[in-house]
Amino acid sequence: MAKQRSPIAWFEDIGRADVALVGGKNASLGEMVRALAGKGIKVPPGFATTAAAYWQYLDANDLRQRVGALLAEWDAGKASLAETGQAIRALLLKGDWPADVATAIVEAYRKLCKRTGKNEVAVAVRSSATAEDLPDASFAGQQETFLNITGEEALLRACRRCYASLFTDRAISYRQAKGFDHMQVALSIGVQQMVRADQGGSGVMFSLDTDTGFDRVVLINAAWGLGENVVQGTVDPDEYQVFKPLLTDRTLVPIVEKKLGNKAQKLIYGAGDSPTRNVPTSKAERAAYVLGDDEILALARWAVIIEEHYGRPMDMEWGRDGETGEIFILQARPETVQARREAGVFKAYSIGAKGPVAARGLSIGDQVVSGHVCLIESARDIDQFIDGSILVTATTDPDWVPVMKRAAAIVTDHGGRTSHAAIVSRELGLPAVVGTGNATEVLHSGEEVTVSCAEGDEGFVYEGRAEFSVRTVDVAGLPQTRTAVMLNLANPGAAFRWWRLPADGVGLARMEFVVTNSIRVHPLALLHFDRLRDEAAKDEIAALTAGYEDKAEYFVDRLSRGLARIAAALYPRPVIVRMSDFKTNEYAGLVGGREFEPREENPMLGFRGASRYYSAQYRDGFALECRAIRRLREDMGFRNVVVMIPFCRSVGEADRVLREMEGSGLKRGKDGLEVYVMCEIPSNVILAKQFADRFDGFSIGSNDLTQLTLGVDRDSGELAELFDEQDEAVRWMIARVIAEAGKAGAKIGLCGQAPSDHPEFAEFLVECGIDSISVSPDSFIAVKQRVAAAEARLARRKRERA
């Protein structure tokens, strides 16, 4: 009872059971200080005012009844929200401190100064409502925070402003929407030593992927200076993702994503009435990552510890002190959006015909929405917003929440995945594209556009109304099958969207997609940059590889991280990565590629697949691919990755490729490395036993196998009706290689659309005894059900024959 009546409580004396006493934010800080310091979690010291102090302040100034009356007038429609909020805030700001409360705050501040060894320690003064940071209500940014407050008088003024911020328009509106009684919610104030992040860096961290709910990664955003810019979305921060299951092995570096943000400004200490101010960052700061790999991994391990302690996904803020280099956790609260999603059911959007790209940025959510743009450049103009429009603005803060609720989608110039716009959009269930850089310049009010967040971690704004479809996916109750049903994946940015599917792994991960979309440069143009004659290509490569001293490292780094996201999505189930299978004309289309590729009349049957890997013309490029796979398996820890060789024409070619791989450190069988071969050429079927002696498995590429068995160009419109994967000759080829693989003890699967399009083809494969079928994610449910039905029919026939 003494603790409840006291005006202040030190963090080490409170815990998460004390939400009613000090609010969710402060209770969580106390919990970490008390329970997690022994596990290495660092939290800056501080204290909290209690709910009792808040009520005492109201009573000493006779405010309870007056505040209640103002709220009643608003509720009855006699006053506007703006008028009500302003009137209540004015009352609170004019109030006088009860002597014992003021004395308690000042004495605690003096004690904090002694603890930290500073005469007037700078503190962060944060609001913590007693209904805040509950698992189903985030209250993100609803009350105010004041940074770099020094001195007793300044602290008391900041505390008074915190009390007033309980009645900002946005806070009143939010509580009303969530069903909280305004007069039952008290405000506690956290007073915490400032971390000198103004000289270092800071950011936000989640213990899951905020857009897909994938719960095995930690998402970290980082920017220079104090963290408010990241929270409010006024900078485009760095983004890192770390795979949690591999963090226990400290020899590994499971960082699956590193994106450099432009970080155009930073919030630093100010002076006087402006204790903080924004200044532009230097070119060096914009070009550098805020965190090193060791710091990223340390923060991710802390996220895992905090999540395990609280027993739920968490949203955290962190800061790195520029004077000491130490990193601290500044806040931790429950994640409130993905935690409420139904586990077995989700909606999948697919986009079809679409107009040109008008803007692009980070995708928030997974929906597609068409509508008319409403461009609002200032919060002063939000009354001009047209309900149901697509809100386009530079950035948002909590003042924008009332208008965001009325939008169909949100597009911003600035911000990352953990910005205010992103967090509120998720909570409202709205698609958003943030950090576009130029949406307010290229879009105009009244223009019809489509916002697509259904194509991976990059979001797009298309001109006009695009075609799209949506379906509900329910994975609950899917049958078990003997035949493994796997996924074909190519886009690393979309891989996490499918983690809920009970797939048996990835049957085909296409390396070419990563090279085309993430790297964009021909590997030999990176290795022989100084030899390039194309000056425009050299300029583009220089821009793409900025920050990499070794241009070859750019290729290895981008390729290994892109594939890591696919490997992580279904870890520890197998992920079969096909080495590059570009045709020469496709390789030539990469930046700098034309100087390294021959011109061929028929690239489909030309210099492609295995023949490139040991050729003097591409051997060095293949070595870079092998380096990326080796990093993926050995340094990051994704030993579930299987390598697959495409278009291998002969057993002699197979031997040469395996020798090349071994020379690059990828020896079949070493550290469990399995190597498969694509079965897409008749010779692979005819000599299946010899190929099985050299490879651990086959993956039937039904498109090329059909093309080469029937002599039909798969791209020919005139011959389209002759291209039939179910032709008797093709079926014979498939049945034969499945049988030969079974005899040799090699695994065999098929990756293609035929089982999706033709139920009878799925039954044929099951009847032949195939080990796995790999399909696109949108076909997975149907194929899984067809395979189960086929297996049931075969079992029934066997019983009848018996």
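Here the structure is shown first, and the text comes after it.
Report follows, based on the coordinates. Sequence order as written defines the numbering, with residues in each chain counted from 1. Where totals are concerned, whole chains, interfaces and linings use all residues; where local detail is concerned, this predicted model gives features only for residues with pLDDT of at least 70, and gives and counts side-chain atom pairs only at 80 or more. Here the side-chain values reflect all heavy atoms present in the structure, with hydrogen atoms and water set aside.

### Structural notes on the nonpolar core
Turning to step 1, where the next piece is worked out: Of all hydrophobic cores here, the largest spans 111 residues; its most connected members are Phe-638, Ile-645, Met-661, Phe-698, Ile-700 and Ile-734.
Turning to step 2, where the next piece is worked out: Where helices and strands are cited, they refer to DSSP runs of H or I of at least four residues and of E of at least two residues respectively, numbered from the N terminus. The greatest single-element share of this core, amounting to 11 residues, is contributed by helix α18 (residues 551-569).
Turning to step 3, where the next piece is worked out: Here, residues are in contact when the closest pair of their heavy atoms is within 4.5 Å. Those residues within four positions of Ile-734 in sequence are excluded, and the remaining contacts are Ile-700, Leu-705, Leu-750, Phe-761, Phe-764 and Leu-765.
Turning to step 4, where the next piece is worked out: Only buried residues count toward a nonpolar core. Its members are Ala, Val, Leu, Ile, Met, Phe, Trp, Tyr and Cys residues joined through side-chain atoms within 4.5 Å. The rule is simple: take the accessible area with a 1.4 Å probe, protein chains only, and divide by the maximum for that residue type; under 20% is buried, over 50% is exposed, in between is partly exposed. By size, the runner-up hydrophobic cluster in this structure holds 48 residues, among which are Trp-10, Leu-71, Cys-113 and Val-123.

### Focus on the pattern of salt bridges
Turning to step 1, where the next piece is worked out: A pairing counts as a salt bridge when a side-chain nitrogen of Lys or Arg comes within 4 Å of a carboxyl oxygen of Asp or Glu. Counting across every chain of the model gives 47 salt bridges.
Turning to step 2, where the next piece is worked out: A salt bridge links Asp-238 to Lys-263; the shortest N-O distance between them is 2.7 Å. Placement of Asp-238 in strand β8 (residues 238-243) and of Lys-263 in the loop between β9 (255-259) and β10 (265-271) is noted, with a sequence separation of 25 residues between them.
Turning to step 3, where the next piece is worked out: Of the charged contacts, one joins Glu-595 and Arg-533 as a salt bridge, the two residues approaching to 4.0 Å between their closest N and O atoms.

### Observations concerning the state of the cysteines
Note on terminology: disulfide describes a covalent bond linking the sulfur atoms of two cysteines.
Turning to step 1, where the next piece is worked out: Cysteine sulfur pairs qualify as disulfides if the two atoms are within 2.5 Å. Under the definition given, this model contains zero disulfides.
Turning to step 2, where the next piece is worked out: With no disulfide of its own, Cys-113 lies 13 Å from the sulfur of Cys-159, the closest cysteine sulfur.
Turning to step 3, where the next piece is worked out: Taking the relative accessible area as the measure of exposure, Cys-113 reaches 6% and is therefore buried.
Turning to step 4, where the next piece is worked out: With no disulfide of its own, Cys-374 lies 19 Å from the sulfur of Cys-453, the closest cysteine sulfur.
Turning to step 5, where the next piece is worked out: Residue classification places Cys-374 among the buried positions, given a relative accessible area of 5%.

### A word on helix α3 (residues 51-60)
Turning to step 1, where the next piece is worked out: Among the residues of α3, those classed as buried are Ala-51, Ala-53, Tyr-54, Trp-55, Tyr-57 and Leu-58.
Turning to step 2, where the next piece is worked out: Asp-62, located one to two residues past α3, shows a positive phi value of around 55°.

### Points about the pairing of strand β21 (residues 458-463)
Turning to step 1, where the next piece is worked out: DSSP-based pairing: two strands are paired if at least 2 bridges between them are found. Looking at chain direction, strand β15 (residues 357-364) and β21 are connected through five bridges and run antiparallel. If you follow Arg-360 over to β21, its bridge partner there is Phe-460.
Turning to step 2, where the next piece is worked out: Of the pairings in the sheet, the one linking strand β20 (residues 448-452) to β21 comprises four bridges and is antiparallel in character. Bridging from a neighbouring strand, Thr-450 pairs with Tyr-462 of β21.
Turning to step 3, where the next piece is worked out: Once β20 ends, the chain turns through five residues before running back antiparallel as β21, passing Gly-456 with a positive phi of about 110°.

### With respect to the packing of aromatic side chains
Turning to step 1, where the next piece is worked out: Stacked, tilted and edge-to-face pairs are distinguished by plane angle, under 30 degrees for stacked and over 60 for edge-to-face with tilted covering the rest, among Phe, Tyr and Trp rings (Trp via its six-membered ring) whose centres lie within 6.5 Å. Counting across every chain of the model gives 18 aromatic pairs.
Turning to step 2, where the next piece is worked out: Between the aromatic rings of Tyr-57 and Tyr-163, the centroid separation amounts to 5.1 Å while the plane-to-plane angle is 55°, which identifies the pairing as tilted. Of this pair, Tyr-57 sits in helix α3 while Tyr-163 sits in helix α7 (residues 152-165), and the two are 106 residues apart along the sequence. When sorted by exposure, Tyr-57 lands in the same class as Tyr-163, which is buried.
Turning to step 3, where the next piece is worked out: By way of ring pairs, the aromatic residues Tyr-54, Trp-55, Tyr-57, Trp-97 and Tyr-163 are connected into one cluster.
Turning to step 4, where the next piece is worked out: Counting as a charge over the ring demands two things of the Lys NZ or Arg CZ atom: a distance within 6 Å of the ring centre and an angle within 35 degrees of the ring normal. Its guanidinium or amino end placed over the ring of Phe-496, Arg-565 lies 4.3 Å from that ring's centre, counting from NZ or CZ.
Turning to step 5, where the next piece is worked out: Just above the ring of Phe-764 sits the side chain of Arg-731; from NZ or CZ to the centre is 4.5 Å.

### Some words on the environment of Met-579
Turning to step 1, where the next piece is worked out: If you trace the backbone, Met-579 turns up in the loop between β25 (575-578) and α19 (584-588).
Turning to step 2, where the next piece is worked out: C-alpha separation for the pair Met-579 and Arg-110, spaced 469 residues apart in sequence, amounts to 64 Å.

### Here's the deal with the sheet that holds strand β1 (residues 8-10)
Turning to step 1, where the next piece is worked out: Taken in spatial order, the five strands line up as β1-β2-β5-β3-β4 in an open sheet, and their pairing is antiparallel. Strands with a single pairing partner mark the edges of an open sheet, and in this sheet they are β1 and β4 (145-149). Within this sheet the neighbouring strands show an average axis-to-axis angle of 20°, counted without direction.
Turning to step 2, where the next piece is worked out: Sheet topology note: the strand β3 (residues 123-129)/strand β5 (residues 187-193) ladder contains seven bridges and is antiparallel. Bridge assignment links Ala-129 to a residue of β5, and that residue is Leu-187.
Turning to step 3, where the next piece is worked out: To define axes, lines are fitted to C-alpha atoms, for helices over the stretch in contact only, and angles between the resulting N-to-C directions are given on a 0 to 180 degree scale. Its contacts with the sheet place helix α2 (residues 19-35) against β2 (46-49), β3 and β5, and it is angled at close to 130° to β3.

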